[in-house]
Amino acid sequence: MMPALRRFTEVDGLISMPRSATYPLTLADRCGGEFTARCYVPEDRAELEAMYEDFEPKRRAQGLPPEGADQLRRWLDRVLAQGVHLVVTVEGRIQGHVMLIPLDSEVVELANFLHQSIRGRGIGTIMNRLIVEEARAQGYRRVWLSVEPSNRAALRSYRSAGFQLLPGSMWAQEVEMALDLTPETTVSDDETRP
Ligand SMILES: CC(C)(COP(=O)(O)OP(=O)(O)OC[C@H]1O[C@@H](n2cnc3c(N)ncnc32)[C@H](O)[C@@H]1OP(=O)(O)O)[C@@H](O)C(=O)NCCC(=O)NCCS
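Right, let's walk through the structure included here. (Residues numbered from 1 in each chain as written. Predicted model: local features only at pLDDT ≥ 70, side-chain atom pairs only at ≥ 80, totals over all residues.)

**Some details on the environment of E176**
Point 1. Its location among the elements puts E176 in strand β8 (residues 175-180).
Point 2. C-alpha of E176 to C-alpha of L166: the two residues are 10 residues apart in sequence and 5.5 Å apart in space. (Helix = DSSP H or I, 4+ residues; strand = E, 2+ residues; numbered from the N terminus.)

Structure, rendered in structure tokens:
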């Protein structure tokens, strides 16, 4: 018999473990559907590109994902050459891509792109939380991002994952959000506290 799907809250303890031990993770979305979060591997490239070709709307987030096959390929070449990349699969097909791109040795930029067929089911928020824990596990101090103020799903999802709006950015074309990371408190730290 297949084991019951783990709810996200039940894997909180797992997600700061090293990547190899953390993924793949098969989880339930808010509607009871199943999805898997796993590390991107180079063999995924063609399928990832196909997801972005079908992605709507294009250029929603800072002009991303780009419109046009060449621009898309060049963008993927650039981002996949660095950082941390997770993909979301549903029924074995790649339907989402969440990434951390280093801005310097302490700060990473987060971007999250889910295919329109799987939005609004809580998957984006779960993936944001997972990748934030990945940033923490890898020793980064801050996760930063920018988003259009009209992108309500993105804003709410980032807020739920712990991001705060940076001051002064509310009326700009893009708002900036950030989350400062502190090292995970270990169980033994808790136990030794008076
Ligand atoms: C932004 C994105 C990653 C969010 O992921 P998602 O799985 O669709 O969002 P969730 O289902 O986790 O919902 C997050 C929140 O937004 C709300 N929400 C979802 N869709 C919404 C919509 N169309 N309009 C307004 N609010 C919406 C949810 O109710 C939830 O709010 P809550 O936390 O208060 O309950 C996803 O929609 C996406 O990939 N969009 C296109 C690309 C993009 O804009 N990426 C962001 C780049 S900065």
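**Overview of the site of the ligand**
Point 1. The local shell around the ligand holds 22 residues, among which A61, R119, G124, T125 and A153 are the closest.
Point 2. When residues of the shell around the ligand are traced back to their parent elements, those giving at least two are β5 (107-114), α4 (123-137), β6 (142-147) and α5 (152-160).
Point 3. When residues in the shell around the ligand are grouped by element, the largest group, 6 residues, is from α5.
Point 4. A breakdown of the residues in the shell around the ligand according to their chemical character gives 9 nonpolar, 8 polar and 5 charged. (Near = placed C-beta within 6 Å. Nonpolar A, V, L, I, M, F, W, Y, C, P; charged D, E, K, R; others polar.)

**Some words on the sheet that holds strand β1 (residues 25-28)**
Point 1. Ordered by their spatial adjacency, 8 strands build an open sheet running β1-β2-β3-β4-β5-β6-β8-β7, and the pairing between neighbours is mixed. The outermost strands of the open sheet, each flanked by one partner alone, are β1 and β7 (164-165). (Pairing = 2+ DSSP bridges.)

**Quick look at the packing of α4 against α5**
Point 1. Two numbers describe how α4 lies on α5: the axes approach to 9 Å, and their chain directions differ by 45°. Relative to α5, α4 is oriented oblique. Classified by chirality, the crossing of α5 by α4 is right-handed. Here G124, T125 and N128 of α4 come into contact with α5, specifically with A153, S157, Y158 and S160.
Point 2. When the residues that make up the contact of α4 with α5 are grouped by side-chain class, the tally is 2 nonpolar, 5 polar and no charged. (Axes fitted to C-alpha atoms, helices over the stretch in contact; angles between N-to-C directions. Parallel < 35°, antiparallel > 145°, perpendicular 65-115°, else oblique. Left-handed = near helix turned anticlockwise from the far one by under 90°. Contact = placed C-beta atoms within 7 Å.)

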